[in-house]
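Here is what each chain is made of, one letter per residue.
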Amino acid sequence: MRRDRILLATTLMVVFTADLYFVLLPKLQDFRRGQGSRCSCGQANSSLPGQGGLASPWLSGSTGYPRDSTEGDPEDGGSKLGRLFAHPLYNIQTPTLGPEERLLQAGKLIDYYDKKVSRWERHMVLYNEAAGASNVTMTQQKVNFDPEVSWLKFHLGINRYSLYSRDDPAVEQLLRDMHTLPIISTDYTQDEKALKGVCDCEQVVKPSGHHLKLALKMKDFGKAMFKPMRQQRDEVPSEDVFYFVDFQRHNAEIAAFHLDRILDFRRVPPAVGRLVNITGEVLHITHNQDLRNVFFTSPAKNTCFFSKCLYVCKTEYAVCGRPDALEGSLSAYLPRLSQAPRVSIPSPWIRSYTFDGRRDWEVNPFYCDTIKQTYPYNSGNRLLNIIDMSVFDFLMGNMDRHHYELFTNFGDEGFLLHLDNARGFGRPSEDVMSILAPLTQCCVIKRSTLLRLRLLSRPRYRLSDVMRESLGGDPLRPILTEPHLLALDRRLRRVLEEVERCVMQLGEEQVVTADFARSTDPPPAATT
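Residues numbered from 1 in each chain as written. Predicted model: local features only at pLDDT ≥ 70, side-chain atom pairs only at ≥ 80, totals over all residues. Heavy atoms only, no water.

Novice: I would appreciate a short explanation of the overall build of the chain in the present structure.
Specialist: From N to C terminus, the chain includes 17 helices and 12 strands. Relative to its 528 residues, the chain shows a buried fraction of 50%. Across the chain, the fraction of contacts at a sequence separation of at least 24, relative to all contacts at a separation of at least 6, is 76%. Carbon and sulfur atoms provide 54% of the accessible area of the chain, an area that totals close to 25900 Å². (Helix = DSSP H or I, 4+ residues; strand = E, 2+ residues; numbered from the N terminus. Buried < 20%, exposed > 50% of the residue type's maximum accessible area, 1.4 Å probe, protein only. Contact = heavy atoms within 4.5 Å. Areas by Shrake-Rupley, 256 points an atom, 1.4 Å probe, with all protein chains shown as cover.)

Novice: I tried to follow the pairing of strand S1 (residues 183-188) on my own but got confused; where do I start?
Specialist: Along a regular strand, successive side chains alternate from one face of the sheet to the other. For S1, the tally of buried residues reaches five of six residues, placing the bulk of the element in the interior. Of the strand pairs in this sheet, S1 and strand S2 (residues 214-218) are connected by five bridges, and their pairing is antiparallel. Within the sheet, the bridge partner assigned to Thr-186 lies in S2 and is Leu-216. (Pairing = 2+ DSSP bridges.)

Novice: Can you walk me through the sheet that holds strand S6 (residues 303-305) in this structure?
Specialist: Pairing between the strands of a sheet comes from backbone hydrogen bonds, and it takes one of two forms, parallel or antiparallel. Reading across the sheet, the three strands line up as S5-S6-S7 and stay open at both edges, with antiparallel pairing between neighbours. Unpaired on one side and paired on the other, strand S5 (295-297) and strand S7 (319-320) mark the two borders of the sheet.

Novice: What exactly am I supposed to notice about the sheet that holds strand S4 (residues 271-277) here?
Specialist: Spatially, S1-S2-S3-S8-S4 is the arrangement adopted by the five strands of the open sheet, whose pairing is antiparallel. Looking at strand neighbours, the two that pair on one side only are S1 and S4, the edges of this open sheet. Taken over all neighbouring pairs, the strand axes of this sheet differ in orientation by 35 degrees on average, direction set aside. The pairing of strand S3 (residues 223-228) with strand S8 (residues 325-332) spans five bridges and is antiparallel. (Axes fitted to C-alpha atoms, helices over the stretch in contact; angles between N-to-C directions.)

Novice: I tried to follow the pattern of salt bridges on my own but got confused; where do I start?
Specialist: Side-chain pairing between opposite charges can occur once the charged atoms of the two side chains come close. Applying the stated criterion across every chain yields a total of 24 salt bridges. Two residues, Asp-393 and Arg-401, come together in a salt bridge whose shortest N-O distance is 2.8 Å. The exposure classification of Asp-393 matches that of Arg-401, with both residues buried. Where salt bridges share partners, they join Lys-80, Arg-462, Asp-465, Arg-468 and Glu-482 into one cluster. (Salt bridge = Lys/Arg side-chain N within 4 Å of Asp/Glu carboxyl O.)

Novice: How do you make sense of the packing of aromatic side chains when you look at a structure like this?
Specialist: For any two aromatic rings, the description comes down to two numbers: the centre-to-centre distance and the angle of the planes. This model, assessed by the stated rule, comprises 12 aromatic pairs. Measuring from ring centre to ring centre gives 6.3 Å for Tyr-164 and Phe-257, while their planes differ by 50 degrees; the resulting arrangement is tilted. Separated by 93 residues along the polypeptide, Tyr-164 in the loop between helix H4 (150-156) and helix H5 (169-180) and Phe-257 in helix H7 (residues 250-262) bring together distant segments of the chain. The exposure class assigned to Tyr-164 is buried, which follows from its relative accessible area of 2%. The exposure class assigned to Phe-257 is buried, which follows from its relative accessible area of 0%. For the pair Phe-407 and Phe-415, a centre-to-centre distance of 6.2 Å together with 70 degrees between the ring planes defines the contact as edge-to-face. (Phe/Tyr/Trp six-rings, centres within 6.5 Å; stacked < 30°, edge-to-face > 60°.)

Novice: Hey, could you run me through the packing of helix H15 (residues 463-471) against helix H16 (residues 482-506) in this one?
Specialist: Two numbers describe how H15 lies on H16: the axes approach to 8 Å, and their chain directions differ by 140 degrees. The angle between H15 and H16 falls in the class oblique. H15 and H16 meet at a crossing whose hand is right-handed. On the side of H15, the interface is formed by Leu-463, Ser-464, Met-467, Arg-468 and Leu-471, while H16 contributes Glu-482, Leu-485, Leu-486, Leu-488, Asp-489 and Leu-492. A per-class count over the contact of H15 with H16 returns seven nonpolar, one polar and three charged. (Parallel < 35°, antiparallel > 145°, perpendicular 65-115°, else oblique. Left-handed = near helix turned anticlockwise from the far one by under 90°. Nonpolar A, V, L, I, M, F, W, Y, C, P; charged D, E, K, R; others polar.)

Novice: What is the right way to look at the UniProt feature "binding site: ATP" (unreviewed entry) in the chain in this model?
Specialist: Under the feature "binding site: ATP" (unreviewed entry), the UniProt entry names Lys-227, Ser-331, Ala-332, Tyr-333, Leu-334, Glu-405 and Asp-420. Here Lys-227 lies in strand S3. When its relative accessible area of 5% is taken as the criterion, Lys-227 is described as buried. Setting aside chain neighbours within four positions, we find Lys-227 in contact with Lys-213, Gln-248, His-250, Glu-253, Gly-328, Ser-329, Asp-420 and Ala-422. Within the structure, the side chain of Lys-227 is placed 2.7 Å from the side chain of Glu-253, a separation counted as a polar contact. Looking at the secondary structure, you find Glu-405 in strand S10 (residues 403-407). Setting aside residues up to four positions removed in sequence, Glu-405 forms contacts with Arg-342, Val-343, Ser-344, Phe-415, Leu-416, Leu-417 and Leu-419. A distance of 2.8 Å separates the side chain of Glu-405 from the side chain of Arg-342, its partner in a polar contact. (UniProt positions renumbered as here; feature names shortened; annotations may be inferred. Polar contact = N/O pair within 3.5 Å; in protein donor to acceptor, adjacent residues only side chain to side chain.)

Here it is, written out as structure tokens:
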């Protein structure tokens, strides 16, 4: 009997060992091996690379984020920015673009600029002859236009989803060109020319001439908007200064481009810093006598210039070089309105721009219910894009978003352009929650936006770290001070807290919305 018991116990132990070794252990190994590539958001997020899914507009499923196979120690060194852009969320396939989904067609655009360059060269010959007869000194530069120039590639890359693709090499080349190429002409911007030197001094909101923007034309015939430095990096606007009379900051334009790219919106034109010689690269090459007339030499022997607008037509409002060098931001021009028309629309959450006025959205807690029933916010992705823009503005503290623009070629479902960001990054210690009103009042957000915000809140992809690294490549680095970088992390947490509050109140299905996209499925076959 004892021998039978020993035999039975031995048999059971052998069976259990075999089951553990050949069944349970392989399953455990498969489970641990699969953790690095499985999406924590379940089967619904099948649109990510490596999961055989669809393109960006069809993101759906839980609000978690996919794990990348390189996940490890959150502080394991290396480039956080490179790691971020290698993440599956930043490598989602986009739909194949048809001609109707591209802003411009190459053949027509190249023909247009070939003729424009020819007209420019003829005009310069006549102008130089007239300048010589008048004993006016002009620095002459030849145009070097080529169909392969970076700014033209940037224009041709604009599509219905964004200004540029994630891996477009033309963007990096455009940044280098704006920083290094010779400047052949300078002028006032079109909106400043429209002022014609006449400004209403009683206006609270000052026209754009207050900000000394200049249009620079490069040797390759590309154009960039120059905003000169008005404040030092560590200067903080006084709490007594209203946002609508605050100076514009050149470094905010540069930082906004990098933040927009890190958020994967890609709706801000490329911007880079440059040290400009305002004597040789502005005064001596401008053909605009009005611009020449606002230059003077300060008592410190520095070259300065000021706006032509009457209420700031004084030397105390001027910007000055040291003695000629002046740093500023250069933002790439978008295609001409004749080639790619744009429309400017007042934001539903526009501020009062008066000292004591308040808008309806500031006093009516149910304001968004009305907006959701109003065209064009009652369908499509317009409202979701407004909320994207409010998150972008909140992160950089920009209260000056009174209008938004979009290309008319793409109809109601085109993306919103994030232009004029120079009033961001003002007070790093202040979080202006009213900027987030579209999100907090409407309680909806794109799933793709939320996934990336959550990713950027993690130590491995911390927003302040990837911004610091991205801005470190700009020629005028450092672009932002450390308090501004740390404020990004704090504000990001507040955005996620507001989303969580909405989810707790309304439920995830009501708050987190799959990205809108026009269907690309073929129509069903006709039946008889």
